[in-house]
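Survey of secondary and tertiary structure
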Amino acid sequence: MTNRVYNFGAGPAMLPETVMRRAQEEFLDYRGLGASVIEISHRSRDFMEIVEASNALLRELAEIPENYRILYMHGGAQMQFSAIPMNLIARRPQRKAAYVVSGNFADLAAKEAARYGEIDTSRNSAESNFDRIPEFDAHALDVESSYTHITSNNTIYGTRWNAFPDTGEIPLVADMTSEFLSRELDINRFGVIFASLQKNLGPSGLALVIVRQDLLDHAIPETPGLLNYRICAEKHSLANTINTFAVYLMKLVLEWLRDEGGVQAIEQRNADKAAILYEAVDGSDFYLGTAHAAHRSHMNVTFNLAESGLLETFLREAESSGFYALKGHRKVGGARASIYNAMPAEGCRALADFMRHFERRRG
Ligand SMILES: Cc1ncc(COP(=O)(O)O)c(C=O)c1O
């Protein structure tokens with residue numbers, strides 16, 4: 001029936017098989033329309049129903065309060081690296097912001113923001129190749145800051161914030177691209193949360209943005225209309241032709257997550273999945289975890305082989321055994337198993353067995 005592999009790619013990543021099948025089944029004829037969902041107007045009643053259902057599911061699953069708006073914006077998470085400063089840096093006249101540099105994407109976000117204001121990047125773990133989340137004391141933040149930016153899960157390095165800081169009056173902005181809807185959150189802690197879809201939510205190209213209502217009105221005049229949060233909110237993300245297929249697929253993923261028991265259930269499952277792999281890594285000297293144990297991600301498990309010369313063989317044999325895309329990012333090397341919501345626990349168990357077997361043969 002299927003030759004699908006266990007796909008450990010960091011993103012675009014595997015999606016639930018039931019979602020893919022459903023999309024396939026209704027691709028040519030969406031609900032008896034005689035047309036595909038990608039062939040109907042983004043302003044049609046059928047598509048508007050998809051947007052509304054997706055909004056309702058997001059509110060329910062992530063417990064998004066009424067005073068937050070849900071936006072779908074083009075350009076993935078990196079476009080938000082520009083949108084965030086354009087919309088928020090002028091919240092205070094000094095045009096300052098603090099960026100916690102916990103990895104490559106945080107660094108890119110800070111560099112982009114530096115075009116628009118004075119960016120404090122002193123909280124930075126580059127020195128230890130981002131193997132941990134930098135020390136962070138919210139009380140030490142500059143009170144003139146327009147906002148503080150964090151990356152909640154660092155996809156490349158396999159680290160995450162275990163708990164989120166309380167930044168008080170200074171809005172906390174979080175790039176949650178590689179973990180949104182994988183763990184429970186108190187949305188009230190955040191001013192803005194954004195995530196591109198291609199890990200836990202759907203296909204690439206779009207970003208989901210959840211923005212507190214009082215932060216809609218600070219855009220600098222140069223902000224393009226399509227990046228302006230107020231305009232996007234007022235036009236219900238339909239200022240121009242949205243990526244209709246991505247929204248449709250996200251809605252199917254959200255329905256799947258609801259049917260799986262929601263975020264609380266998936267968070268437990270994700271913790272169990274991660275534990276299976278970290279046990280395999282920690283169970284011998286053959287494998288070495290690359291992230292500091294206290295900051296380990298539940299979405300991206302990064303490790304190396306103590307004998308680095310064996311890495312190529314490990315990756316090749318893994319791939320021929322049905323474990324796809326395990327190669328680590330070049331900035332870390334080694335291997336990385338990305339185990340987003342759609343990865344079943346059997347995939348992690350099978351990979352852990354393969355790791356032990358490989359060690360017995362080669363160790
Ligand atoms: C944490 C994080 N932020 C931002 C991005 C960039 O996302 P995009 O390629 O959709 O712009 C990624 C991509 O992997 C990511 O993992």
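Each chain carries its own residue numbering, running from 1 in the direction its sequence is written. Whole-chain, interface and lining totals are the exception, using all residues; otherwise, since this is a predicted model, local features are given only for residues with pLDDT of at least 70 and side-chain atom pairs are given and counted only at 80 or more.

**Some thoughts on the overall build of the chain**
Counting from the N terminus, the helices are the DSSP runs of H or I reaching at least four residues and the strands are the DSSP runs of E reaching at least two. When helices and strands are tallied, the chain shows nine helices and 14 strands. Atoms considered for the radius of gyration are the C-alpha atoms alone. The globule rule reads 2.2 Å times the number of residues to the power 0.38. Taken over the C-alpha trace, the chain has a radius of gyration of 21 Å; the compact-globule value for 363 residues is 21 Å, and the two agree within 12%. Along the first, second and third principal axes, the C-alpha set of the chain runs to 60 × 60 × 30 Å. Exposure classes come from backbone-placed C-beta atoms, where a residue is buried if 20 or more other C-beta atoms lie within 10 Å of its own, exposed if 12 or fewer do, and partly exposed in between. Of all 363 residues assigned to the chain, the portion counted as buried reaches 45%. Taking the intrachain contacts of the chain between residues at least 6 apart in sequence as the baseline, contacts between residues at least 24 apart amount to 68%. Here contacts are defined at the residue level, using C-beta atoms placed from the backbone and a cut-off of 7 Å between them.

**Details of the domain arrangement of the chain**
Domain start and stop positions are those given by an automatic or database domain assignment. Domain assignment breaks the chain into domain 1 (18-259) and domain 2 (261-362). A straight line from the C-alpha centre of domain 1 to that of domain 2 covers 27 Å. Among the elements of the structure, α2 (45-62), β6 (153-154), β7 (159-160) and α6 (244-259) are those that each provide at least two residues to the side of domain 1 that touches domain 2. For this classification, Asp, Glu, Lys and Arg are treated as charged, while Ala, Val, Leu, Ile, Met, Phe, Trp, Tyr, Cys and Pro are nonpolar and the rest, including Gly, are polar. Partitioned by chemical class, the residues of the side of domain 1 that touches domain 2 number seven nonpolar, nine polar and eight charged.

**Section: the sheet that holds strand β5 (residues 145-151)**
Backbone-to-backbone hydrogen bonds join strands into a sheet, with any given pair of strands oriented parallel or antiparallel. Pairing is mixed across the open sheet formed by seven strands, whose spatial order is β2-β10-β9-β8-β5-β3-β4. On the outer flanks of this sheet lie β2 (68-74) and β4 (118-120), each paired with one strand and no other. On average, adjacent strands in this sheet sit at an angle of 20° to one another, irrespective of strand direction. One bridge is not enough; two strands pair if DSSP finds at least two bridges between them. Alignment of β5 against strand β8 (residues 172-175), held across four bridges, turns out to be parallel. Residue T151 lies in a different strand from β8, and its bridge partner there is D175. Of the strands in this sheet, β3 (96-99), β4, β5 and β8 are in contact with helix α4 (residues 104-113), which crosses β3 at around 170°. To get an axis, a line is fitted to the C-alpha atoms, and for a helix only the part in contact is used. The angle between two axes follows their N-to-C directions and goes from 0 to 180 degrees.

**A closer look at the site of the ligand**
For each residue, a C-beta atom is placed from the backbone, and the residue counts as near a molecule or strand when that atom lies within 6 Å of it. Lining the immediate surroundings of the ligand are G11, G76, A77, Q78, F105, T151, T155, D175, T177, S178, S196 and S204. Counting residues per element, the shell around the ligand draws most heavily on helix α3 (residues 76-88), at three residues. Classifying every residue of the shell around the ligand gives two nonpolar, nine polar and one charged.

**Things to note about the packing of α2 against α6**
Orientation of α2 relative to α6, taken along the N-to-C sense of each, is 40°, at an axis distance of 9 Å. As summarised for this structure, α2 and α6 are arranged oblique, according to the angle between their axes. Crossing hand, α2 versus α6: left-handed. On the side of α2, the interface is formed by F47, I50, V51, A53, S54, L57, L58 and L61, while α6 contributes T244, V247, Y248, M250, K251, L254, E255, L257 and R258. Between 65 and 115 degrees an angle is taken as roughly perpendicular, under 35 as roughly parallel, over 145 as roughly antiparallel, and anywhere else as oblique. Two helices cross in a left-handed way if the nearer one is turned anticlockwise from the farther one by less than a right angle. They cross in a right-handed way if the turn is clockwise.

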